[in-house]
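# Architecture at a glance
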Amino acid sequence: MHALGTDGRWVAAAGGGEDVFAAALEAQPGAHWLVQDDGRRNALPVRRWHGPPEPATAAVVARCAGPTLDIGCGPGRLTLALARAGHVAVGVDVSAHAVRLTRARGAVALHRDVFGPLPGEGRWAHVLLIDGNIGIGGDPSLLLGRCRELIRTGGSVVVELEPPGPGLWRGQARLASRSPQGKVCRSGAFRWARLDTVAVHDTAHAAGLAVRDTFAVGRRWFGELVRPL
């Protein structure tokens, strides 16, 4: 997971939150949340991150037909699924622990910031922003603009979205983890965002992308955004 601290520095989670996010990446008992300043509190799906590919994973992988960057790869389940499907796949995460976990699974991962230099810029067929990673940096238009720079003409960004209704939200969030013993750790605040299947159209256009499709897999929603020819 990437986050932009309120002081403008890129960190895994501002205010010393690296250790909190590392705990959230462990497939161990405990509870972890993303707590947002609009009052929303989302449980992090840690078991899903460490589990076998779910139907949504297969649907996302099916949209990929070439070299793919998995931005904010976490423990690497999508990166690995892409590699097993025969694609060149690289996970990218600012959490060193996430990168270690991805590599331990046998997939390729880089300890990098999406807004910093990355290999193959402008030549990737696809970029993934799954599991809420459209929130990275708190500005979906800026993030999608960066993804446009990474993909080739005709390439796509596959992004997980909110269901229709809430539109675009931008604000601050914190990571919170509670151990089985009841100890709670919280990160400092960082900028975050949410984007739904309606607001994605204007946001994508502002980033130089076009929405090819939006689709649902169970209760989860996704968009496929393309860099026009």
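Read on for an overview of the structure. (Residues numbered from 1 in each chain as written. Predicted model: local features only at pLDDT ≥ 70, side-chain atom pairs only at ≥ 80, totals over all residues. Heavy atoms only, no water.)

## Describing a positive patch on the surface
The grouping of R41, R174, R178 and R186 at the surface amounts to a positive patch. Secondary-structure assignment places R174 in strand β10 (residues 168–178). Since its relative accessible area comes to 41%, R174 is described here as partly exposed. (Patch = residues over 30% accessible without salt bridge, like charges linked within 9 Å, V, L, I, M, F, W, Y side chains within 5 Å. Areas by Shrake-Rupley, 256 points an atom, 1.4 Å probe, with all protein chains shown as cover. Salt bridge = Lys/Arg side-chain N within 4 Å of Asp/Glu carboxyl O. Lys, Arg positive; Asp, Glu negative; His and termini not counted. Charge placed at Lys NZ, Arg CZ, Asp CG, Glu CD. Helix = DSSP H or I, 4+ residues; strand = E, 2+ residues; numbered from the N terminus. Buried < 20%, exposed > 50% of the residue type's maximum accessible area, 1.4 Å probe, protein only.)

## Things to note about the packing of aromatic side chains
Applying the stated criterion across every chain, the model contains 2 aromatic pairs. Taken together, a centroid distance of 5.9 Å and an interplanar angle of 85° make the contact between F190 and W192 edge-to-face. When its relative accessible area of 0% is taken as the criterion, F190 is described as buried. Since its relative accessible area comes to 4%, W192 is described here as buried. With a centroid separation of 5.4 Å and an interplanar angle of 20°, the aromatic rings of F215 and F222 are classed as stacked. The residues F215 and F222 share a single accessibility class, namely buried. We note R41 situated over the ring of W33; from NZ or CZ to the ring centre the distance is 4.1 Å. A cation sits over an aromatic face here: R63 above F215, 3.9 Å from the ring centre. (Phe/Tyr/Trp six-rings, centres within 6.5 Å; stacked < 30°, edge-to-face > 60°. Lys NZ or Arg CZ within 6 Å of the ring centre and 35° of its normal.)

## Observations regarding unusual backbone geometry
Peptide bonds are trans in most cases, and residues, glycine excluded, mostly fall at negative phi. Located in the positive-phi region is D131, a residue other than glycine, with phi close to 60°. Position of D131 among the secondary structure elements: in the loop between β8 (124–129) and α6 (140–150).

## Here we look at the pairing of β8
Most of β8 sits inside the fold, with 6 of its 6 residues counted as buried. One ladder, built from 3 bridges, connects strand β5 (residues 68–71) with β8; its direction is parallel. By the bridge assignment, T68 is partnered in β8 with H126. Across 5 bridges, β8 lies against strand β9 (residues 151–161) in parallel orientation. If you follow V127 over to β9, its bridge partner there is V157. You can see the chain leave β8, run along α6 and come back into β9, and the turn it takes is right-handed. (Pairing = 2+ DSSP bridges. Right-handed = clockwise from strand over helix to strand, strands pointing away.)

## What to know about the pairing of strand β6 (residues 89–93)
Burial of β6 is extensive: 5 of the 5 residues sit out of reach of the surface. The side-chain alternation of β6 yields two buried faces, one formed by A89, G91 and D93 and the other by V90 and V92. After leaving β5, the chain enters helix α4 (residues 77–84) and then returns to the sheet as β6, a path that is right-handed. Crossover β6 to strand β7 (residues 108–111) through helix α5 (residues 96–104) is right-handed.

## Things to note about the layout of surface pockets
Empty space among the atoms can be located by rolling a probe the size of a water molecule over them. The computed volume of the largest pocket comes to approximately 710 Å³. When contributions to the lining of the largest pocket are tallied by element, the ones reaching two or more residues are β3 (31–36), β4 (41–43), α2 (46–50), α4, β9, β12 (190–195) and β14 (220–226). (1 Å grid on protein atoms, 1.4 Å probe; cavity = no way out; pocket = protein on both sides within 12 Å on 5 of 7 lines; lining within 4 Å. Points joined across faces, edges and corners; volume = space filled by probe spheres on them.)

## Overview of the sheet that holds β5
Spatially, 7 strands are ordered β7-β6-β5-β8-β9-β14-β13 in an open sheet, and the strand pairing comes out mixed. Each edge of the open sheet carries a strand with a single partner, namely β7 and β13 (210–217). Neighbouring strand axes in the sheet, compared pairwise and without regard to direction, differ in orientation by 20° on average. Strands β5, β6, β7, β8 and β14 of the sheet are contacted by α4, whose axis makes an angle of about 170° with β6. The sheet contacts of α5 involve β6 and β7, and relative to β7 the element is tilted by about 165°. (Axes fitted to C-alpha atoms, helices over the stretch in contact; angles between N-to-C directions. Contact = heavy atoms within 4.5 Å.)

## A few points about the nonpolar core
Counting residues in hydrophobic clusters, the biggest one holds 39 residues, and the most contacted among them are L69, I71, V127, L129, L144, V157 and L225. With residues near it in sequence (within four places) discarded, L69 still touches V90, V92, L118, W124, H126, V127, L128 and L150. Residues V60, C64, L128 and V158 belong to the second largest nonpolar core, which totals 15 residues. (Core = buried A, V, L, I, M, F, W, Y, C linked by side-chain atoms within 4.5 Å.)

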